[in-house]
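Residue-level structure breakdown
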Amino acid sequence: MGKYDALVELLLEAINEGRDAKTDANSVPVGISNRHIHLSQRDLDVLFGAGYQLTKTKDLSQPMQYACKETLTIGGPRGAIEKVRILGPVRSESQVEILQADCFKLGINGPVKMSGDLQGTPGITLIGPKGSILLSQGVIIAQRHIHMTLEDAKRLDVTDGEQVSIQVDGLRGGTYSNVAIRANNTSALECHLDTEEANAMNLVSTSKITIIK
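Below is a short write-up of the structure. (Residues numbered from 1 in each chain as written. Predicted model: local features only at pLDDT ≥ 70, side-chain atom pairs only at ≥ 80, totals over all residues. Heavy atoms only, no water.)

Here the focus is the overall build of the protein chain. Per the secondary structure count, the protein chain includes five helices and 15 strands. Out of the 213 residues belonging to the protein chain, those deemed buried represent 41%. Counting only contacts in the protein chain whose residues sit at least 6 apart along the sequence, the fraction spanning at least 24 positions is 67%. About 11,900 Å² of surface is accessible on the protein chain, with carbon and sulfur atoms providing 52% of the total. (Helix = DSSP H or I, 4+ residues; strand = E, 2+ residues; numbered from the N terminus. Buried < 20%, exposed > 50% of the residue type's maximum accessible area, 1.4 Å probe, protein only. Contact = heavy atoms within 4.5 Å. Areas by Shrake-Rupley, 256 points an atom, 1.4 Å probe, with all protein chains shown as cover.)

Quick look at the structure:
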């Protein structure tokens, strides 16, 4: 190999290393969510008994969030789904996050919304070991979103509430649009997709995505 060829090869290696480093710096880990339930203490008392405390089984990636041992049956006009996991801690208002396919089984029309935005959402029946509740609202299909700190947002050149697109690599990869940015200093960097979205692009819990605009 001549000196010119060796110089070109070194230059290409440097360019590729820089590109790889930039990709790693801009990549975001993926968190995959199945259907689950958030409960208020008021509703938890009805379903499991007065003063009941949730039993943590494992911490989740977001600070102070955890999966619980407890599950519920959720019921709609057309059918029911058993053993839907509860996530803690308790919230001010109960919320049920389902998948698109669950709408057909339950017989309800779950809107795509951000967590906590429950205005105008359908209700559902929650069935526990000590009682049942008919929620007047609270069922959503979670809009895909990315949690991050304000420092992450600055580094990634995005702002809280902004809608971006994400790139997924691989044979079944592609892009997802309408991904909401949720930036604050109580979150950990992670892109949240539900199991249907993840399966469509062959994503797993160790996958990463890249933000594009």
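There's more to say after this.
Taken together, six strands build a closed barrel; the order of strands is 1-14-11-13-12-15 and the barrel is mixed. In this sheet, adjacent strand axes meet at a mean angle of 45 degrees when their direction is disregarded. As paired strands, strand 1 (residues 27–33) and strand 15 (residues 208–212) are joined by three bridges and run antiparallel to one another. Bridge pairing in strand 15 links Val28 to Ile209. (Pairing = 2+ DSSP bridges. Axes fitted to C-alpha atoms, helices over the stretch in contact; angles between N-to-C directions.)

We now examine the pairing of strand 11 (residues 145–148). Burial along strand 11 is two-sided: the residues His145 and His147 and Ile146 and Met148 are all buried. When strand 11 meets strand 13 (residues 174–183), the two strands line up parallel, connected through four bridges. Paired with His145 across the two strands is Ala180, which belongs to strand 13. In terms of strand pairing, strand 11 meets strand 14 (residues 190–194) through three bridges, oriented antiparallel. The residue of strand 14 that forms the bridge with His147 is Glu190.

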